[in-house]
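# Survey of secondary and tertiary structure
So the chains spell out like this:
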Amino acid sequence: MATFGNLSARLTETFKNLRAKGKLSASDVDSTVREIRRALLEADVALDVVKEFTGRVRERALGDEVNQALNPAQQVVQIVNEELVGILGGEQRRLQFAKNPPTIIMLAGLQGAGKTTLAGKLAKWLKDQGHTPLLVACDLQRPNAVTQLGVVAEQAGAAIFAPEPGNGVGDPVQVARNGVAEARAKQYDFVIVDTAGRLGVDEELMRQAADIRRAVDPDEVLFVIDAMIGQDAVATAQAFQEGVDFTGVVLTKLDGDARGGAALSIRSVTGRPILFASTGEGLGDFEPFHPDRMASRILD
Ligand code: GDP
């Protein structure tokens, strides 16, 4: 994954130096931890997350598991791997299904994060598993959003519920409610609610998203975030957590060449699991998120 190219290269270099050492002294551990710290900060990982991460790695690297290891350097790499899996969320967290269908998934995030594209990706992924998703167009802010959702719905072969064109701007909360009612009436087993985003966080956006959330009581509220936004990721995620609250995160644009810090910070900062990763513009460029696979890619 291009996103982690630099970080991966830095860590590989650090571990190469370490492997040359054989037995490790406390100062070897300290210099390794310092290099890891620098590499993470350069990748735009949030400072608090870096501190916690390197603190844990250092403590474990100075302990018995490394001291008594046959190959101490390899053991340190193993610790870094385990701690990376930890900050990425540990176990994979799967999408929660409603006991009684339809399962309602609401998408929230800034404009341009990739929500509408994700709606199509999710729909295709669900359809491939034999589900019947209905996409509900509640982004009535951006002139083209409803049309764009129609395009991805068609690509995914999924149905769409949208306000009639020419009926004015309409009320997104009502559209969400009507969309869910339509899904129940026509027995779709998933509803994906696309909501409006703004270029920056604003109160009206949050209020509207919170109103939609209250109106349709989703099984999942997915916060969609562009992995390329770097340091802004933390503040944006916190604003959405306070404003709407969300049950999970979707990282988009992991194919980009940004530094990837958002991916590593977001779980620790919000306490919410990453459910999916998006790696391109095509509907197939999407996968459930596996913390262990991501950690392996970073340490590749
Ligand atoms: P929204 O405003 O949140 O609905 O965002 P869109 O779904 O319209 O996406 C904004 C732009 O990002 C579009 O040009 C998408 O094609 C693009 N995009 C979405 N997801 C990805 C991704 O994972 N990788 C890349 N490279 N581009 C993406």
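Criteria and cut-off values
- Position numbers for residues start from 1 in each chain and track the written sequence from start to end.
- Totals for whole chains, interfaces and linings use every residue, but because this is a predicted model, local features are given only for residues with pLDDT of at least 70 and side-chain atom pairs only at 80 or more, for both listing and counting.
- The basis for the side-chain values is all heavy atoms of the structure; hydrogens and waters are excluded.
- UniProt positions are given in the numbering used here, feature names are shortened, and annotations may be inferred rather than shown by experiment.
- Here a helix means four or more residues in a row that DSSP labels H or I, a strand means two or more in a row labelled E, and each is numbered from the N terminus.
- Only the C-alpha atoms count toward the radius of gyration. The rule for a globule is 2.2 Å times the residue count to the power 0.38.
- The classification of residues rests on relative accessible area computed with a 1.4 Å probe and restricted to protein chains. Under 20% of the type maximum is buried, over 50% is exposed, and intermediate values are partly exposed.
- It only takes one pair of heavy atoms within 4.5 Å for two residues to be counted as in contact.
- Only four residue types enter the tally: Lys and Arg on the positive side, Asp and Glu on the negative side, with His and both chain ends excluded.
- Throughout, a charge is located at the NZ atom of Lys, the CZ atom of Arg, the CG atom of Asp or the CD atom of Glu.
- We call a set of buried Ala, Val, Leu, Ile, Met, Phe, Trp, Tyr and Cys residues a nonpolar core when their side-chain atoms join them within 4.5 Å.
- Working rule for helices: expected span equals 1.5 Å times residues minus one.
- The directions from the helix axis to the C-beta atoms form the arc being described.
- A pair of strands is considered paired only if DSSP assigns at least 2 bridges between the two.
- Note on geometry: axes are C-alpha line fits, over the in-contact stretch for helices, and angles between N-to-C directions span 0 to 180 degrees.
- We call Phe, Tyr and Trp rings a pair once their centres come within 6.5 Å, taking the six-membered ring for Trp, and we label the pair stacked below 30 degrees between planes, edge-to-face above 60, and tilted otherwise.

- As recorded by an unreviewed UniProt entry, the protein carries the name Signal recognition particle protein and is attributed to Leucobacter allii.
- Listed under Subunit (unreviewed entry) in UniProt, the entry text for the protein is "Part of the signal recognition particle protein translocation system, which is composed of SRP and FtsY."

### Some points on the overall build of the protein
- Summing up its helical and strand segments, the protein has 12 helices and eight strands in all.
- The C-alpha radius of gyration computed for the protein amounts to 21 Å, which stays within 12% of the reference 19 Å derived for 300 residues, consistent with globular compactness.
- When its C-alpha atoms are laid out on the principal axes, the protein stretches across 70 × 35 × 30 Å.
- Per-residue burial for the protein yields a buried fraction of 51% across its 300 residues.
- In the protein, the proportion of contacts linking residues at least 24 apart, taken out of those at least 6 apart, comes to 78%.
- Measuring between centres, the 33 positive side-chain charges of the protein sit 3 Å from its 40 negative side-chain charges.

### Observations regarding the nonpolar core
- L7, V80, L84, V193, F240 and L264 are the most contacted members of the largest nonpolar core, which has 73 residues in total.
- Among the nonpolar cores identified, the runner-up in size contains 25 residues, and L95, L122, A123 and I192 belong to it.

### Here's the deal with helix α10 (residues 232-243)
- Between its first and last C-alpha atoms α10 spans 16 Å; for 12 residues at 1.5 Å apiece the expected length is 16 Å, and the two agree.
- Residues A233, T236, A237, F240 and Q241 constitute the buried set of α10. With its buried residues spanning 135° around the axis, α10 presents them on a single face. In α10, those exposed residues whose orientation departs by more than 90 degrees from the buried face are D232 and E242.
- Those residues of α10 that are buried lie in contact with β1 (103-108), α9 (203-216), β5 (220-226) and α11 (261-270).
- D245, located one to two residues past α10, shows a positive phi value of around 65°.

### Looking at the sheet that holds strand β6 (residues 248-252)
- The mixed open sheet is built from eight strands, whose spatial order is β3-β2-β4-β1-β5-β6-β7-β8. Each having just a single partner strand, β3 (159-161) and β8 (286-288) make up the two edges of the open sheet. For this sheet the average axis-to-axis angle between neighbouring strands, irrespective of direction, equals 25°.
- Relative to the sheet, helix α6 (residues 115-128) contacts β1, β2 (133-138), β4 (190-195), β5, β6, β7 (274-278) and β8, its axis offset from that of β4 by approximately 170°.
- Across the sheet, helix α8 (residues 172-186) lies against β1, β2, β3 and β4, angled at about 165° from β2, the strand it touches most.

### Concerning the packing of aromatic side chains
- Under the defined criterion, the tally for this structure stands at six aromatic pairs.
- Grouped by ring-pair contacts, the aromatic residues W125, F276 and F286 constitute a single cluster.

### Considerations on the UniProt feature "domain: SRP54-type proteins GTP-binding" (unreviewed entry) in the protein
- UniProt's feature table lists "domain: SRP54-type proteins GTP-binding" (unreviewed entry) at residues 273-286, given in the numbering used throughout.
- For residues 273-286, the end-to-end C-alpha separation is 16 Å, with 0% helix and 43% strand making up the annotated structure.

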